[in-house]
Amino acid sequence: NAGVIQTPRHKVTGKGQEATLWCEPISGHSAVFWYRQTIVQGLEFLTYFRNQAPIDDSGMPKERFSAQMPNQSHSTLKIQSTQPQDSAVYLCASSLVDGTQYFGPGTRLLVL
Amino acid sequence: GQQVQQSPASLVLQEGENAELQCNFSSTATQLQWFYQRPGGSLVSLLYNPSGTKHTGRLTSTTVTKERRSSLHISSSQITDSGTYFCAMDLNNNRIFFGDGTQLVVKP
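On a predicted model such as this, the values are computed, not experimentally measured, just so you know.

Student: For this particular structure, what's the right way to read the sheet that holds strand β7 (residues 65-71) of chain A?
Tutor: Sheet strands associate in pairs through backbone hydrogen bonding, adopting either a parallel or an antiparallel arrangement. Residue and element names in this part refer to chain A. The four strands are arranged β1-β3-β8-β7 in an open sheet whose pairing can be described as antiparallel. At either margin of the open sheet sits one strand with a lone partner, and together these are β1 (5-7) and β7. If you compare each strand with its neighbour and ignore which way they point, the axes differ by 20° on average. Bridge count for β7 against strand β8 (residues 74-79) is five bridges, and the pairing is antiparallel.

What follows is the structure in structure tokens.
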């Protein structure tokens, strides 16, 4: 079991560019979560899917951020027109229903 | 308001000492999890403990749901235990709220 896989591990973008982050959950896990972590804000929930359906996206900034889960093997988080304040470590986690969440290594996004 | 509050914010121990980390949450949690993170590292699940007492290795977690609190006890701390410990809970919808963490430093 490879655990949750996130790619890329590091991404540097210029202000205004688009960034797409990928997550491959643990096989068989039905729930996928996205978080971001910064020194100032700590760990923040963004959104989550259960059986590929979006359940709660209340943590997502309303503009520029979107997440999808087109199939059970991957989810994407897209940030349009990136801004310096989007710089963070973006973490993906997966779990069985009502179970322990297992986190990926994160994608460190730096917006210049 | 802050859903999850952790204390202390930081803790410095000598190797071999025990550590007691506290977590208080503002609502009734259906899931309570303790995580560990090394600087620059990812989150590692330590214990999933929505209620009662659970052990793994040198770690013991006790969650008293009615009192909305959980603790993590680390016995015989080691230098490699240094890092940040997060308490996280959900509100019955799988969305997790994290505390700000307790930064533990274990010195030789």
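Student: Can you walk me through the state of the cysteines in this structure?
Tutor: In a disulfide, the sulfur atoms of two cysteines are held together by a covalent bond. All told, the structure shown has two disulfides over all chains when counted by the stated rule. One disulfide bridge connects Cys23(A) with Cys92(A), the sulfur atoms lying 1.8 Å from each other. Looking along the S-S bond of the Cys23(A)-Cys92(A) disulfide, the torsion reads about -65°, which is the left-handed sense. Taken as a pair, Cys23(A) in strand β3 (residues 19-24) and Cys92(A) in strand β9 (residues 88-95) lie far apart in primary sequence, 69 residues in all. Accessibility expressed as a relative area gives 1% for Cys23(A), which makes it buried. Each sulfur in the disulfide pair Cys23(B) and Cys87(B) lies 1.9 Å from the other. Measuring handedness by torsion sign, the sulfur bridge of Cys23(B) and Cys87(B) sits at about -65° and is left-handed. Placement of Cys23(B) in strand β3 (residues 19-25) and of Cys87(B) in strand β9 (residues 83-90) is noted, with a sequence separation of 64 residues between them. For the pair Cys23(B) and Cys87(B), one class covers both residues: buried.

Conventions adopted
Residues numbered from 1 in each chain as written. Chains lettered and ligands numbered in written order. Predicted model: local features only at pLDDT ≥ 70, side-chain atom pairs only at ≥ 80, totals over all residues. Heavy atoms only, no water. Pairing = 2+ DSSP bridges. Helix = DSSP H or I, 4+ residues; strand = E, 2+ residues; numbered from the N terminus. Axes fitted to C-alpha atoms, helices over the stretch in contact; angles between N-to-C directions. Disulfide = S-S within 2.5 Å. Buried < 20%, exposed > 50% of the residue type's maximum accessible area, 1.4 Å probe, protein only.

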